[in-house]
Structures are given as structure tokens and as C-alpha cells.
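# Summary of the model geometry
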Amino acid sequence: MKVRISLLVLCISVFSVEHSLLGQTIPKDELVFLTSEWKGERFPDGRPKISDDLVERAKHIGIDDAWTVLKNEGYTNQFEGNWKLIHDDVPVTGRAVTAMFMPSRPDIEKTIKERGIAKQGRKGNTNTWPIEVLTKGDVYVADAFGKIGGGTLMGATLGNAIFSKTGNGVVFNGAARDLQELQNIKGFNAFVRDFHPSFLEEMVLMGLNAPIRIGSVMVLPGDLVIAQREGVLFVPAHLAEQVVSTAEFVTRKDQFGFEMVKSGRYTTGQIDSQWTDEIKTNFLAWLGKHPELGTMTKPELDKVMSKRTW
């Protein structure tokens, strides 16, 4: 009987420790459930882990082409515009780490901070906690309910900390401060609603690596973030390969089409409709002469053309 009681106590202790470590995160099984379309590798917390190679390829595609692929798959609420940027010419691409902030409420903020500091070893205000879980290639995406004054989730110090951990930028439905200093972080960019000189106040972290809303978009941890001057596109992890591959092909197709139309070999009507086997053969031969655009096999070409709606 004593053995059974000891085992029960041990199980309860393990359960309590595991769940205390979750902090503001949702349970791993819930995150796996919400991203069940993803069949690839995952981070220990369950977040989909899009490959580094795919993230790198995504840096070279057009956001318009990627948006079109998503729209054709029925994903019509993935783009959010109207941002202010540190640099107009520094895109941000990577895997989403999400954070949800809410207006502070004394009782809730007190209990959250007590648990985080006493049981999880966290330090400082809750706006620094998401930075602790960042890894290379991540994009810190935070919903700060659009707050500007007092809604500055990041200044120069946190900006440097974020960039040192991720080599990447941020997307905040809120504000940032220290614009002059942030501009000095080479390769870093921030997509924010505005810049403001105030310090963060009256806000508390209520969700970490949980589903959040950025404008009209539902963002899940592990989504592929493509942030360019036009705005920010959030690509569900399970569609990332399809989106990137198709967008890459559109770029190749456009360059091939420009040359063929200019030379008089094909008309725009032929290029902008389903291709004959002759055009496909000529395209693959042309692609072989442009290794900088990547490679493609006949079956891969047939597959991408079979779904053509662009």
C-alpha cells in the first residue's frame, strides 16, 4: 500500500512540475492537436520546426506570389498590413514564436509573476519571458492589442537580446521605443504599429507559444513568417513547402516568359495558360542554363502546373 501511495505522490509531483514549467504556454498535446496538419519535425514544446533550408528559400520569394498560393488553398486571412518599420529594405523571415499580452490586472499579474519567478526561475517583467525561449531562425510575434503609449514591448536592450538569439526581427501588434538605437542593429528589423518614447506599463503576458491574433490573422506557433515592405504574411507550417516551391516556380516562370515573349517564340497567352509538353521541355532546358534559379524535374513541373490557378 505504501508503494502505491509513493508512486501516486511521485506521479502528482511530476505532473505538477511539468505543468508549472509550462507557464503561460498551452500543453504540448494541445499545440500538436492545433497543428495536426504538420507531419514534420517539432521542437520539444510541440511547435512545428520548419527546416532551416526552407526558411532560407522563403527569403527569396515574393510575398504576393506566396499570398496567391494561400488564397487558392482557401487561406484568405493570412496577411496583415499597415506597419511601421525600422528599415524598408530588411525583410524578416522565420518561424513564429507567439506571445499574447493583455491589459494588466493586479491580482492576475501578481500570481503570474510569483509563479514565474519563484517556480520557473524567470527574471524581470513578463515582456522579457518570450525572449528566453527564442532560438536561431525564430521571429518573435506578439499581440499587444495595438497599444502604443505604454505598449512598447521592446527598446534597444531587448532588441539586441532578440537579435543575438534569433538573428531575426520581430512583428508586434503594439509599439517599440529607442528607434535611433534599434537602427544600429545591422540586419535587424521590426514591424510595429508605431514607435513611442514611453516605457512598457499596465501590460501582462497571458499566452506564450499559444494561438494569437495579429489584426485579422490567426497566428500559430511555428507558422512561417514572411515580412516584407508590403506587410506580413503568416503561412501555416504544413503549407510552407507548397507555398515556397510554388512561389519559386512563379519567379522562374515569369523570367522564362519574359524572354520567350520578347524573342517572339511564344505569346503571352501561351505562357499564361496551361503549358504544352513542348513549352515544358523548353522551360526545363532554359532552367538548366540558369542554375541560380534552382533545379526542377519534369514530374515536379507537372505537379505544380496541375494546380495552376495563377
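Bear in mind that the values here come from a model prediction, so they are computed numbers and not experimental data.

Regarding its fold elements, the protein presents twelve helices and 13 strands. Taken along the three principal axes of its C-alpha coordinates, the protein extends 80 × 60 × 30 Å. Taking all 310 residues of the protein together, 47% fall into the buried category. Here the analysis covers contacts within the protein between residues at least 6 apart in sequence; of these, 72% occur between residues at least 24 apart. For the protein, the computed accessible surface area is about 15,800 Å², with 57% contributed by carbon and sulfur atoms. Between the mean site of the 37 positive side-chain charges and the mean site of the 38 negative ones, the protein shows a separation of 5 Å.

Turning our attention to helix H7 (residues 156-166). All of the buried residues along H7 are Ala156, Leu158, Gly159, Ile162 and Thr166. Down the axis of H7, the smallest arc covering the buried residues is 165°, so these residues share one side. Of the residues in H7, the exposed ones pointing more than 90 degrees away from the buried face are Thr157 and Ser164. A positive phi of about 65° marks Gly167, the residue just after H7.

So, about the packing of aromatic side chains. Scanning all chains against the criterion turns up nine aromatic pairs. Through a chain of ring-to-ring contacts, three or more aromatic side chains come together here, namely Phe249, Phe256, Trp275, Phe283 and Trp286. Here Arg47 stacks its cationic end above the ring of Phe43, 4.1 Å away from the centre of that ring. For Arg193, the ring lying beneath its charged end belongs to Trp83, and the centroid distance is 3.9 Å.

A word on helix H4 (residues 63-72). Within H4, burial applies to Ile63, Ala66, Val69 and Leu70. Along H4, the residues classed as buried sweep out an arc of 120° about the axis, all on the same side. Where H4 is buried, its residues touch strand E1 (79-80), strand E12 (224-228), strand E13 (231-235) and helix H9 (240-263). Just beyond H4, the residue with positive phi is Gly74, at close to 95°.

Quick look at the nonpolar core now. As a rule of thumb, nonpolar side chains are buried together in soluble globular proteins. Core analysis: the largest hydrophobic core is formed by 29 residues, its most contacted members being Tyr140, Met154 and Phe188. Secondary-structure elements contributing two or more residues to this core are strand E3 (92-103), helix H6 (129-132), strand E4 (138-143), H7, strand E5 (170-173), strand E7 (190-192) and strand E9 (203-208). Setting aside chain neighbours within four positions, we find Met154 in contact with Gly159, Ile162, Val170, Phe172, Ala175, Ala176, Arg177, Leu182, Phe188 and Ala190. In this structure, Trp38, Ile226, Val244 and Ala247 belong to the second largest nonpolar core, which totals 20 residues.

Moving on, we come to the pattern of salt bridges. Evaluation of the coordinates by the stated rule reveals 18 salt bridges. Residue Lys59 pairs with Glu56 through a salt bridge whose shortest N-O separation is 3.2 Å. For Lys59, a relative accessible area of 42% translates into the label partly exposed. Two residues, Asp107 and Arg105, come together in a salt bridge whose shortest N-O distance is 2.8 Å.

Attention shifts here to unusual backbone geometry. Even without glycine at this site, Asn82 takes up a positive phi of about 65°. Counting through the fold element by element, Asn82 comes out in the loop between E1 and strand E2 (84-85). A positive phi angle, near 60°, is found at Glu202, a position not held by glycine. Within the secondary structure, Glu202 sits in the loop between strand E8 (194-195) and E9.

Covered by surrounding structure in E5 are Val170 and Phe172 together with Val171 and Asn173, the residues of both alternating faces. As paired strands, E4 and E5 are joined by four bridges and run parallel to one another. Among the inter-strand pairings, Val141 is bridged to a residue of E5, identified as Val171. Read as a crossover between parallel neighbours, the route from E4 over H7 to E5 is right-handed. Note that E5 and E7 share two bridges and pair parallel. Residue pairing for E7: Val170 is matched across the bridge by Ala190.

Turning next to the packing of helix H11 (residues 277-288) against helix H12 (residues 298-306). At a minimum axis separation of 11 Å, H11 and H12 run at an interaxial angle of 125°. Classed by the angle they form, the pair H11 and H12 counts as oblique. As for how H11 packs across H12, the hand of that crossing is right-handed. Listed contacts from H12 to Asp277, Lys280, Phe283 and Leu284 of H11 are Lys298, Leu301, Asp302 and Met305. In the contact of H11 with H12, the residues fall into four nonpolar, no polar and four charged.

Quick notes on the rules
Residues numbered from 1 in each chain as written. Predicted model: local features only at pLDDT ≥ 70, side-chain atom pairs only at ≥ 80, totals over all residues. Heavy atoms only, no water. Helix = DSSP H or I, 4+ residues; strand = E, 2+ residues; numbered from the N terminus. Buried < 20%, exposed > 50% of the residue type's maximum accessible area, 1.4 Å probe, protein only. Contact = heavy atoms within 4.5 Å. Areas by Shrake-Rupley, 256 points an atom, 1.4 Å probe, with all protein chains shown as cover. Lys, Arg positive; Asp, Glu negative; His and termini not counted. Charge placed at Lys NZ, Arg CZ, Asp CG, Glu CD. Arc of directions from axis to C-beta. Phe/Tyr/Trp six-rings, centres within 6.5 Å; stacked < 30°, edge-to-face > 60°. Lys NZ or Arg CZ within 6 Å of the ring centre and 35° of its normal. Core = buried A, V, L, I, M, F, W, Y, C linked by side-chain atoms within 4.5 Å. Salt bridge = Lys/Arg side-chain N within 4 Å of Asp/Glu carboxyl O. Pairing = 2+ DSSP bridges. Right-handed = clockwise from strand over helix to strand, strands pointing away. Axes fitted to C-alpha atoms, helices over the stretch in contact; angles between N-to-C directions. Parallel < 35°, antiparallel > 145°, perpendicular 65-115°, else oblique. Left-handed = near helix turned anticlockwise from the far one by under 90°. Nonpolar A, V, L, I, M, F, W, Y, C, P; charged D, E, K, R; others polar.

Just distances and angles here, no functional claims.
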